[in-house]
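# Observations on the model geometry
Residues per chain, in single letters:
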Amino acid sequence: MAVLPIVVYGDPVLRVKARPVARVDAEIRQLLADMHETMVQAPGIGLAANQVGRPVRCLVASVDDSNLLMVNPRIVSRKGSYEAIEACLSLPGLQATVPRAERVVVAGLNRNGKPTKVEAEGLLARCLQHEIDHLDGIVFPDRALPGSIHWVREEGVDEEGEPILVREDTTWEEAHEALLGLRRHRLAAATE
Ligand code: ZN
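Structural notes, computed from the coordinates. What you see is a predicted model, and the numbers here were worked out from it, not measured in a lab.

The five strands are arranged E1-E2-E3-E6-E7 in an open sheet whose pairing can be described as antiparallel. The strands lining the two open edges of the sheet, one partner per strand, are strand E1 (46-48) and strand E7 (115-121). Across this sheet, the average inter-strand angle for adjacent strands is 40°, counted without regard to direction. Here strand E3 (residues 66-79) runs beside strand E6 (residues 103-109); their pairing, made up of six bridges, is antiparallel. Within the sheet, the bridge partner assigned to Arg-74 lies in E6 and is Ala-107. Of the strands in this sheet, E1, strand E2 (58-63), E3, E6 and E7 touch helix H2 (residues 122-135), which is tilted by about 160° from E2.

For the zinc ion, the full set of protein donor atoms is Cys-88 (SG), His-130 (NE2) and His-134 (NE2), and the range of their distances to it is 2.0 to 2.2 Å. Spacing between the donor residues of the zinc ion along the chain follows C-x41-H-x3-H. Of the two residues, His-130 and His-134 both sit in helix H2, four residues apart, roughly one turn of that helix.

Take the pairing of E7 next. Along any regular strand, the residues point their side chains to alternate faces of the sheet. Two strands pair when backbone bridges link them, and E6 and E7 are joined in this way by seven bridges, in the antiparallel orientation. Considered in E7, the bridge of Val-106 is made with Val-118. The antiparallel pairing of E6 with E7 creates a hairpin that spans five residues between the two strands, and Gly-113 there sits at a positive phi of about 80°.

With that settled, consider a negative patch on the surface. A surface patch of like charges, here negative, comprises Asp-158, Glu-159, Glu-160 and Glu-162. By the secondary structure assignment, Asp-158 is in the loop between strand E8 (150-157) and strand E9 (163-169).

Another point: H2. The terminal C-alpha atoms of H2, which comprises 14 residues, lie 20 Å apart, in line with the 20 Å expected from a rise of 1.5 Å per residue. By the criterion of burial, H2 is predominantly enclosed, with 12 of the 14 residues buried. Residues of H2 that are buried: Leu-124, Ala-125, Arg-126, Cys-127, Leu-128, Gln-129, His-130, Glu-131, Ile-132, Asp-133, His-134 and Leu-135. In the segment just after H2, Gly-137 is the residue with positive phi, at about 80°.

Applying the stated rule across the entire model yields 12 salt bridges. The closest approach of N and O atoms between Lys-17 and Asp-136, which form a salt bridge, is 2.9 Å. With Lys-17 in the segment before helix H1 (26-41) and Asp-136 in the loop between H2 and E8, this residue pair connects regions lying 119 residues apart in the sequence. Residue classification places Lys-17 among the exposed residues on the basis of a relative accessible area of 60%. The partner of Glu-168 in a salt bridge is Arg-153, and the shortest N-O contact between them spans 3.1 Å. Of this pair, Glu-168 sits in strand E9 while Arg-153 sits in strand E8, placing them 15 residues apart in sequence. With relative accessibility at 37%, the residue Glu-168 sits in the partly exposed group. Salt bridges linked by common partners bring Glu-86, Arg-100, Arg-126, Asp-133 and Arg-143 together as one network.

Calculation criteria
Residues numbered from 1 in each chain as written. Predicted model: local features only at pLDDT ≥ 70, side-chain atom pairs only at ≥ 80, totals over all residues. Heavy atoms only, no water. Pairing = 2+ DSSP bridges. Helix = DSSP H or I, 4+ residues; strand = E, 2+ residues; numbered from the N terminus. Axes fitted to C-alpha atoms, helices over the stretch in contact; angles between N-to-C directions. Contact = heavy atoms within 4.5 Å. Donors = N, O, S within 2.8 Å, 3.2 Å for Na, K, Ca; no water. Patch = residues over 30% accessible without salt bridge, like charges linked within 9 Å, V, L, I, M, F, W, Y side chains within 5 Å. Areas by Shrake-Rupley, 256 points an atom, 1.4 Å probe, with all protein chains shown as cover. Salt bridge = Lys/Arg side-chain N within 4 Å of Asp/Glu carboxyl O. Lys, Arg positive; Asp, Glu negative; His and termini not counted. Charge placed at Lys NZ, Arg CZ, Asp CG, Glu CD. Expected span 1.5 Å × (residues − 1). Buried < 20%, exposed > 50% of the residue type's maximum accessible area, 1.4 Å probe, protein only.

Written out as C-alpha cells, the structure is:
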C-alpha cells in the first residue's frame, strides 16, 4: 500500500465527471487500498479517486466502525435534510455549512466487483454525498449555504499547547483565488 499525493483545488481533475469502472481488477483494488491508506494518513474520513488524480468512480470512507471501499457508487434513495460544517482534504483550511440528506442508500460494487448496497445516516451519509459529489466534479463550497464559507486558521497555541483556531469569513470567489495561489505555491515548491 502507498500513500498517494492529494491534489489541491485548482487541479482540473477535481472538476471532471469521473468515468465508471468497467471491471474491478487488481489495479482498481490497489487503487482502493492506496486511497484507504492515504485517507487514514491525512487524516480524513473520506476520499474520492479524483482527489488522488485518478478520474474513476471509486471512493473510500471511514466513519466510526464502518470502513467502506466502493466502486461506481450511486445514491438510490435519500431522506430528510440537515445542515453541518464540512471541510475537504483538497481545499485545506476551508469550511462551510452544507445542507445534505440525513439518510441515503448508496448502491455500487465492492472491492470484489460484487453488487453492494449501503444504508447510511448522519456523518457517514454526509461523507458519502460529499465523495460522490467529487466524482461528479462538485466540491462542497458549490453547495454551501450563502455566507457560511470561512477559513479556519491556526494562530499560535494556548497555555496547554492546543492550537488556537481563528475563523475568518470569506466568499467562494475569494477562497477560489486563494486556493489557486496555494496550489501554484505547492507546485513551485515541488519542482525546486
Ligand atoms: Zn472532499
